[in-house]
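Each chain, written out:
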Amino acid sequence: MLPEEQIQAVKIYTQNKLASDTSGHDFAHIERVVTNSKTIASEIHNINYLIIVLSSYLHDVIDDKVVDNVKEEVTNLTNFLTSIDLNEVQINDILTIIKSISFKNQLNDNTINLSEEAKVVQDADRLDAIGAVGIARTFYYGGHVGSKIYDPHRGPRRNMTPEEYRNIENQTVINHFYEKLLTLTETMNTEPGKRMAKNRHQIMLDFLENFKSEWEGKS
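Residues numbered from 1 in each chain as written. Predicted model: local features only at pLDDT ≥ 70, side-chain atom pairs only at ≥ 80, totals over all residues. Heavy atoms only, no water.

Got a sec to walk through the overall build of the protein? Specific residues and values, please.
Regarding its fold elements, the protein presents 11 helices and zero strands. If you list the helices and strands of the protein from N to C, you get α-α-α-α-α-α-α-α-α-α-α. The globule rule puts the C-alpha radius of gyration for 219 residues at 17 Å, and the 18 Å found for the protein is close to it. Seen through its C-alpha atoms, the protein measures out along the principal axes to roughly 60 × 35 × 30 Å. Across the 219 residues of the protein, 47% fall into the buried class. Taking all contacts inside the protein whose residues are at least 6 apart in sequence as the whole, residues at least 24 apart take part in 68%. When the accessible area of the protein is evaluated, it comes to approximately 11,400 Å², of which 48% is carbon and sulfur surface. Of note, the protein has its 23 positive side-chain charges centred 4 Å away from the centre of its 32 negative side-chain charges. (Helix = DSSP H or I, 4+ residues; strand = E, 2+ residues; numbered from the N terminus. Rg over C-alpha atoms; globule rule 2.2 N^0.38 Å. Buried < 20%, exposed > 50% of the residue type's maximum accessible area, 1.4 Å probe, protein only. Contact = heavy atoms within 4.5 Å. Areas by Shrake-Rupley, 256 points an atom, 1.4 Å probe, with all protein chains shown as cover. Lys, Arg positive; Asp, Glu negative; His and termini not counted. Charge placed at Lys NZ, Arg CZ, Asp CG, Glu CD.)

Tell me what's going on with helix 11 (residues 191-215), and back it up with residues and numbers.
For helix 11, built from 25 residues, the straight-helix expectation of 36 Å at 1.5 Å per residue is met to within 8% by its first-to-last C-alpha distance of 36 Å. The largest bend in helix 11 amounts to roughly 30° and is located at Lys198. Within helix 11 the residues assigned to the buried category are Pro192, Gly193, Ala197, His201, Met204, Leu208, Phe211 and Ser213. Tucked inside the fold, the buried residues of helix 11 contact helix 2 (27-41), helix 7 (116-127), helix 8 (131-145) and helix 10 (173-179). In the stretch just after helix 11, Gly217 is the one whose phi turns positive, near 70°. (Expected span 1.5 Å × (residues − 1). Bend = angle between axes of the 7 residues up to and from the residue.)

So what about the packing of aromatic side chains? Which residues, and what values?
Applying the stated criterion to the full structure yields nine aromatic pairs. Aromatic pair Phe27 and Tyr57: ring centres 6.3 Å apart, planes at 15°, arrangement stacked. You can see Phe27 sitting in helix 2 and its partner Tyr57 sitting in helix 3 (residues 49-58), a full 30 residues away along the chain. Grouping residues by exposure puts Phe27 and Tyr57 together as buried. Between the aromatic rings of Phe207 and Phe211, the centroid separation amounts to 5.9 Å while the plane-to-plane angle is 40°, which identifies the pairing as tilted. You can see Phe207 and its partner Phe211 sitting in helix 11, four residues apart, about one turn around the helix. The class for Phe207 is partly exposed, based on a relative accessible area of 24%. Its relative accessible area of 16% is what places Phe211 among the buried residues. Cluster of aromatic residues (ring-pair linked, three or more members): Phe139, Tyr150, Phe177, Phe207, Phe211 and Trp215. (Phe/Tyr/Trp six-rings, centres within 6.5 Å; stacked < 30°, edge-to-face > 60°.)

Explain the environment of Gln122 to me, using residue names and the numbers behind them.
Here Gln122 shows up in helix 7. Along the primary structure Gln122 and Ser55 are separated by 67 residues, whereas in three dimensions their C-alpha atoms are 9.9 Å apart. In this structure Gln122 touches Ser100, Ile101, Gln106, Leu114 and Asn189, once residues within four positions along its chain are discounted.

Before we move on, could you go through the pattern of salt bridges and cite the residues and values that matter?
On inspection of all chains with the given rule, the structure shows nine salt bridges. For Glu116, the salt bridge identified is with Lys119, shortest N-O distance 3.1 Å. Taken together, the residues Glu116 and Lys119, both in helix 7 and three residues apart, mark about one turn of the helix. With its nearest N and O atoms 3.5 Å apart, the salt bridge here joins Arg137 to Asp128. (Salt bridge = Lys/Arg side-chain N within 4 Å of Asp/Glu carboxyl O.)

Below you can see the structure in the form of structure tokens.
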């Protein structure tokens, strides 16, 4: 199977897997991440473009935010990738990338060594978590899981374990900006990612300032 055909097959696989998603990790998110990855990759040499594109499409299909049985979905994905003529090395590279780039996993181990391809995909995914789209997705996900919008008496959590991070009983949507989103710009791996993140970071800061001013009736 030609690379173009493999990409198309993976695109359809991902569309089917995420067709019913209502958490903000839908196929529209995937397409934005793929676009971000292509933009970043266009400025970087000596990287595997095919692995980057395939991993960008697949980065959420085995995520526990999206699927109920991660082990089963890993098996399904491995079988699918084998069926479209990807070899063992390629499949291992893709699985390694999509298992290693999440924010939650790095809370548990901040020494994870990312490949150059993983750095591109991680930056692309994190770019879609910040800025105007990131703000929209954050509130959409907060509603999906039942988080409060804001509690002025509850400050952001610090030094969280992965389990604490996913505990929505102690989370508010506004605190999520401080617990995760505002930290992402400084963790960008690539120069294009860092550059693209700056404006999106400022958009979030401006939003939070206006939000708190309106919440307190000052504007």
